[in-house]
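Breakdown of the fold
Letter by letter, the chains look like this.
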Amino acid sequence: MLEDPNYVGTMLVYMDKADGMVSGADHPTGDTVRPALQIIKTKPGVKRISGAFIMQKGEERYVFADCAINIELDAAGMAEVGIESAHTAKVFGIDPKVALLSFSTKGSAKGEMVTKVEEATKLAHEQAPDLALDGELQFDAAFVPSVGEKKAPGSKVAGHANVFIFPELQSGNIGYKIAQRFG
């Protein structure tokens, strides 16, 4: 196993010989994550892992999650990923403003997918009441100040989000690829 660079890198992190490891461009996600789950595991109290991408444009930094691991998050999973991604943002010097994304903003549409994000928002507020977090928000309402003000007046996050939580992998991966292309 230690001939595999993902295991070597994970062991170096585990032994405090390295602060982190970058992998994935030349290795499938599963081969990158498996050693970390086997050797390091999740931190206490965290039930799932997620993938977060740090995107930088000039001096601005953003977190996109989950764009790599969970095919579809339920409400509890989306809340947990939102809270944990806020912690990740802080590690990278980002003051987190978390948007739980949807195709709907504040009830502009109805359906199971919207209800999931509404429930996730409620759970996240219960678990981390001091966290600047809002949902359900469309990406434009989360990112563009004038749109956020119009679609979600009074929101502390709308139009100013820097941590974006996608409801499922397909949307997250598409969003990440678009941001990567235009960032």
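Scroll up to find the structure this text is about.
Attention in this report is confined to the structure presented alongside it. (Residues numbered from 1 in each chain as written. Predicted model: local features only at pLDDT ≥ 70, side-chain atom pairs only at ≥ 80, totals over all residues. Heavy atoms only, no water.)

Of all the five residues making up strand 4 (residues 133–137), five are buried; the element is thus mostly covered by neighbouring parts of the structure. Of the strand pairs in this sheet, strand 3 (residues 98–101) and strand 4 are connected by four bridges, and their pairing is parallel. Counterpart to Ala 99 in the pairing with strand 4 is Asp 134. Of the crossover connections in this fold, the one passing from strand 3 over helix 4 (residues 112–127) to the parallel strand 4 is right-handed. (Buried < 20%, exposed > 50% of the residue type's maximum accessible area, 1.4 Å probe, protein only. Helix = DSSP H or I, 4+ residues; strand = E, 2+ residues; numbered from the N terminus. Pairing = 2+ DSSP bridges. Right-handed = clockwise from strand over helix to strand, strands pointing away.)

With that settled, consider the nonpolar core. Met 78, Val 98, Leu 100, Leu 131, Leu 133, Val 163 and Ile 165 are the most contacted members of the largest nonpolar core, which totals 21 residues. Secondary structure elements with two or more residues in this core: strand 2 (60–65), helix 3 (75–91), strand 3, helix 4 and strand 5 (163–165). In terms of residues, this core owes the most to one element, helix 3, which gives seven residues. In this structure, Leu 131 is in contact with Gly 82, Ile 83, Ala 86, Pro 96 and Val 98, ignoring residues within four places of it in sequence. (Core = buried A, V, L, I, M, F, W, Y, C linked by side-chain atoms within 4.5 Å. Contact = heavy atoms within 4.5 Å.)

Here Ser 104 lies in the loop between strand 3 and helix 4. Judged by its relative accessible area of 0%, Ser 104 is buried. Polar side-chain contacts of Ser 104 include one of 3.0 Å to the backbone nitrogen of Ala 109. In this structure Ser 104 touches Ala 109, Val 114, Glu 136, Leu 137 and Gln 138, once residues within four positions along its chain are discounted. (Polar contact = N/O pair within 3.5 Å; in protein donor to acceptor, adjacent residues only side chain to side chain.)

This brings us to the sheet that holds strand 1 (residues 52–57). Sheet strands pair via backbone hydrogen bonds, and the direction of the pair is either parallel or antiparallel. Strand order in the open sheet formed by five strands is 1-2-5-3-4, with mixed pairing between adjacent strands. Strands at the two margins of the open sheet, each flanked by one partner only, are strand 1 and strand 4. Strand-to-strand twist of the sheet, defined as the mean angle between neighbouring strand axes without regard to direction, takes the value 20°. Packing of helix 7 (residues 169–182) onto the sheet brings it into contact with strand 1 and strand 2, and relative to strand 1 it is tilted by some 25°. (Axes fitted to C-alpha atoms, helices over the stretch in contact; angles between N-to-C directions.)

The residue Glu 136 is located in strand 4 in this model. At 2.7 Å, the side chain of Glu 136 and the side chain of Ser 104 are in polar contact. In terms of polar contacts, Glu 136 uses its side chain to reach the backbone amide nitrogen of Gly 107, at 2.5 Å. Setting aside chain neighbours within four positions, we find Glu 136 in contact with Leu 100, Ser 102, Ser 104, Thr 105, Lys 106, Gly 107, Ser 108, Val 114, Val 117, Glu 118 and Thr 121.

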